[in-house]
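Structural overview
Next come the chains, spelled out residue by residue.
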Amino acid sequence: MSNVLLQGISKSFGELEVVHSIDLEIASQEFIVLVGPSGCGKSTTLRMVAGLEEISDGMLQIGDRVVNDIAPKDRDVAMVFQNYALYPHLSVADNIAFGLNIRRVKKPEIKRQVADVAQTLELTDLLNRKPSELSGGQRQRVAMGRAIVRHPKVFLFDEPLSNLDAKLRIQMRAEIKLLHKRLGVTSVYVTHDQVEAMTLADRIVVMHDGRIEQIGTPMELFRNPANLFVASFIGSPPMNKLSGSVTVKNAVPSLDIGHGASIKLRSDSVSSDDHGRSIVVGIRPEHMNIEPGNGPGWSEIPFDLTLVEPLGSEALIHAMVGDTPIIMKVETRNEVSHLNDATRFYVQAEDVRAFDAETGKALDFTVAG
Ligand SMILES: Nc1ncnc2c1ncn2[C@@H]1O[C@H](COP(=O)(O)OP(=O)(O)OP(=O)(O)O)[C@@H](O)[C@H]1O
Ligand SMILES: [Mg+2]
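This text gives an overview of the structure that appears in the document. As the structure is a prediction and not an experimental result, all values here were calculated from the model.

About the criteria used
- Residues numbered from 1 in each chain as written.
- Chains lettered and ligands numbered in written order.
- Predicted model: local features only at pLDDT ≥ 70, side-chain atom pairs only at ≥ 80, totals over all residues.
- Heavy atoms only, no water.
- Near = heavy atom within 4 Å.
- Polar contact = N/O pair within 3.5 Å; in protein donor to acceptor, adjacent residues only side chain to side chain.
- Areas by Shrake-Rupley, 256 points an atom, 1.4 Å probe, with all protein chains shown as cover.
- Helix = DSSP H or I, 4+ residues; strand = E, 2+ residues; numbered from the N terminus.
- 1 Å grid on protein atoms, 1.4 Å probe; cavity = no way out; pocket = protein on both sides within 12 Å on 5 of 7 lines; lining within 4 Å.
- Points joined across faces, edges and corners; volume = space filled by probe spheres on them.
- Nonpolar A, V, L, I, M, F, W, Y, C, P; charged D, E, K, R; others polar.
- Pairing = 2+ DSSP bridges.
- Axes fitted to C-alpha atoms, helices over the stretch in contact; angles between N-to-C directions.
- Phe/Tyr/Trp six-rings, centres within 6.5 Å; stacked < 30°, edge-to-face > 60°.
- Buried < 20%, exposed > 50% of the residue type's maximum accessible area, 1.4 Å probe, protein only.
- Core = buried A, V, L, I, M, F, W, Y, C linked by side-chain atoms within 4.5 Å.
- Contact = heavy atoms within 4.5 Å.
- Right-handed = clockwise from strand over helix to strand, strands pointing away.
- Parallel < 35°, antiparallel > 145°, perpendicular 65-115°, else oblique.
- Left-handed = near helix turned anticlockwise from the far one by under 90°.

**A word on the site of ligand 1**
Taken together, Phe13, Val18, Pro37, Ser38, Gly39, Cys40, Gly41, Lys42, Ser43, Thr44 and Glu159 make up all the residues around ligand 1. In this structure, an oxygen atom belonging to ligand 1 sits 2.8 Å away from a side-chain N or O atom of Ser43. The fraction of the free accessible surface of ligand 1 (640 Å²) that becomes covered by protein chains is 56%. A per-element tally of the shell around ligand 1 places helix 1 (residues 42–50) first, with 3 residues.

Take a look at the structure:
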């Protein structure tokens, strides 16, 4: 178990820089998830930590040791890949024991450790099988076993579940989380799936174009995205975005989003410079209610309904606010036909976010409560 420190880490392939000066402090025992769209530099970053990719610039520390020039096998890290890279001709037991054999650990000790890990991962009955005789989930567990048996300071995972079907993925996701709870090994996990990121991470690192957009707990990113990129990437369906401007009428400032709808702001959060400023209002589908809310701090926004998608415990309502399509998510218990009559949604002040229309950066306008 160990902390990991990335300081100004960059990576270039030839002339082209693909990871731009990343700073990240990972605490001992923390579960960190790197998430972002394809090509944003997640695997490259992870492979630099593993030592599989040379670091072009910056400093990488594992524990209190700078490891930039330390060979992968001496870094005390274990990596689990998307394709599990098991040896097809070896049994499950020998696959798990492979690293121990290389390090010339004594036979009885190897046997004990393999039995131990097999029990943890429920592989005991499969130890004599070959990888080709296993299901995808079981192969995944063997790959994990091979990593665990090395007692690394850090686990590195690169999309380890993406070859599994949806149901197995959810099951293995829970197993990885449980395993981390039990072993407490510092982990860095790469995925492009924001649900996987939300469910596994202590903290999520959102990457985009080789840069870090935001670092935070799943709920911090969900509640307070630092910019429109994170707002769109985290959450499903993504945060709804409505364009508007700041107006001050009769000394009352508001976010005017057109179509007769506006959201009141607290006057102390707006300066005279803000008048006329173009903003994007962000509202999560989950925070749009079709029943009016009680008390102050609620805004009402009219829409034209497009269609209702029932999903069982919830329904998605697709609608247009002016020219902007929005999606609302509402809880359902019984029939949903009444939702087709909805003409407006209600949102509470504390659930509204504002972003600068040009830079996409979150603004700290305080919505009147
Ligand atoms: N060996 C290489 N030579 C040149 N460019 C590379 C090399 N490896 C990766 N890249 C480029 O670096 C960028 C980041 O790649 P990386 O594999 O880290 O992305 P990723 O975030 O893991 O994406 P994905 O979700 O698709 O796996 C991409 O633009 C990719 O084309
Ligand atoms: Mg990748």
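**A closer look at the layout of surface pockets**
The calculated volume of the largest pocket comes to roughly 640 Å³. In terms of lining residues, the largest pocket is bounded by 21 residues, among which Lys73, Val77, Ala78, Met79 and Arg150 are the most central. Those elements giving two or more residues to the lining of the largest pocket turn out to be strand 6 (77–80), helix 2 (92–102) and helix 4 (136–148). A per-element tally of the lining of the largest pocket places helix 2 first, with 4 residues. For the lining of the largest pocket, a count of residues per class yields 15 nonpolar, 1 polar and 5 charged. Space inside the second largest pocket adds up to approximately 280 Å³. Along the wall of the second largest pocket there are 15 residues; nearest its centre are Asn289, Lys329, Val330, Glu331 and Thr332. At 3 residues, strand 18 (residues 324–331) tops the list of elements feeding residues into the lining of the second largest pocket. Grouping the constituent residues of the lining of the second largest pocket by class yields 4 nonpolar, 4 polar and 7 charged.

**Description of the sheet that holds strand 18**
Taken together, the 3 strands give an open sheet; going across it, the order is 16-17-18, and neighbouring strands pair in antiparallel fashion. A single partner strand is all that each edge strand has here, and the edge strands are strand 16 (304–310) and strand 18. For this sheet, the mean angle separating the axes of adjacent strands, direction not counted, is 20 degrees. Judged from the 8 bridges that link them, strand 17 (residues 314–321) and strand 18 form a sheet pairing that is antiparallel. Opposite Leu316, over in strand 18, you have Lys329 as the bridge partner.

**Notes on the environment of Val117**
Within the fold, Val117 resides in helix 3 (residues 107–120). Along the sequence, Val117 and Pro72 sit 45 residues apart, while their C-alpha atoms lie 23 Å from each other.

**Structural notes on the packing of aromatic side chains**
Tallying each qualifying case throughout the model produces 7 aromatic pairs. For the ring pair Phe31 and Tyr189, a centre distance of 5.8 Å and an interplane angle of 40 degrees mean the geometry is tilted. Within this pair, whereas Phe31 is found in strand 3 (residues 31–35), its partner Tyr189 is found in strand 8 (residues 186–191), the two being separated by 158 residues in sequence. With respect to class, Phe31 is no different from Tyr189; both count as buried.

**Notes on the sheet that holds strand 2 (residues 16–26)**
The 4 strands lie next to each other as 2-1-4-5, forming an open sheet whose pairing is antiparallel. The two strands at the open ends of the sheet, each matched to only one other strand, are strand 2 and strand 5 (65–66). Examined bridge by bridge, strand 4 (residues 57–62) and strand 5 share 2 bridges and lie antiparallel to one another. Across the sheet, residue Gln61 finds its bridge partner in strand 5, namely Val66.

**Notes on the nonpolar core**
Ranked by internal contacts, the top residues of the largest apolar core, which has 46 residues, are Val33, Ile96 and Tyr189. The contacts of Val33, once residues within four sequence positions are left out, are Tyr189, Thr191, Ala197, Leu200, Ala201, Arg203, Ile204 and Val205. In terms of nonpolar packing, the next biggest core, distinct from the first, is built from 32 residues, Val270, Ile279, Val321 and Leu339 among them.

**What to know about the pairing of strand 10 (residues 211–216)**
Pairing between strand 9 (residues 203–208) and strand 10: 5 bridges, direction antiparallel. For Met207, the partnering residue across the bridge sits in strand 10 and is Ile212. Two successive antiparallel strands, strand 9 and strand 10, enclose a turn made up of 2 residues, where Asp209 displays a positive phi of approximately 50 degrees.

**Overview of the pairing of strand 8**
The buried fraction of strand 8 is high, at 6 of 6 residues. Going residue by residue along strand 8, you find Thr186, Val188 and Val190 tucked away on one face and Ser187, Tyr189 and Thr191 tucked away on the opposite face as well. Where strand 3 meets strand 8, 5 bridges bridge the pair, whose relative direction is parallel. Across the sheet, the residue bridging to Phe31 is Ser187, located in strand 8. As defined by bridge partners, strand 7 (residues 154–158) adjoins strand 8 across 5 bridges and the pair is classed as parallel. Counterpart to Asp158 in the pairing with strand 8 is Val190. The parallel pair strand 7 and strand 8 is bridged by helix 5 (residues 166–183), and the resulting crossover is right-handed.

**Topic: the packing of helix 2 against helix 4**
Between helix 2 and helix 4, the shortest axis-to-axis distance is 7 Å and the interhelical angle comes to 30 degrees. On the basis of the axis angle, helix 2 is roughly parallel to helix 4. The handedness of the crossing between helix 2 and helix 4 is right-handed. Packed against helix 2, whose contacting residues are Val92, Asn95 and Ile96, the element helix 4 presents Val142, Gly145 and Arg146 at the interface.

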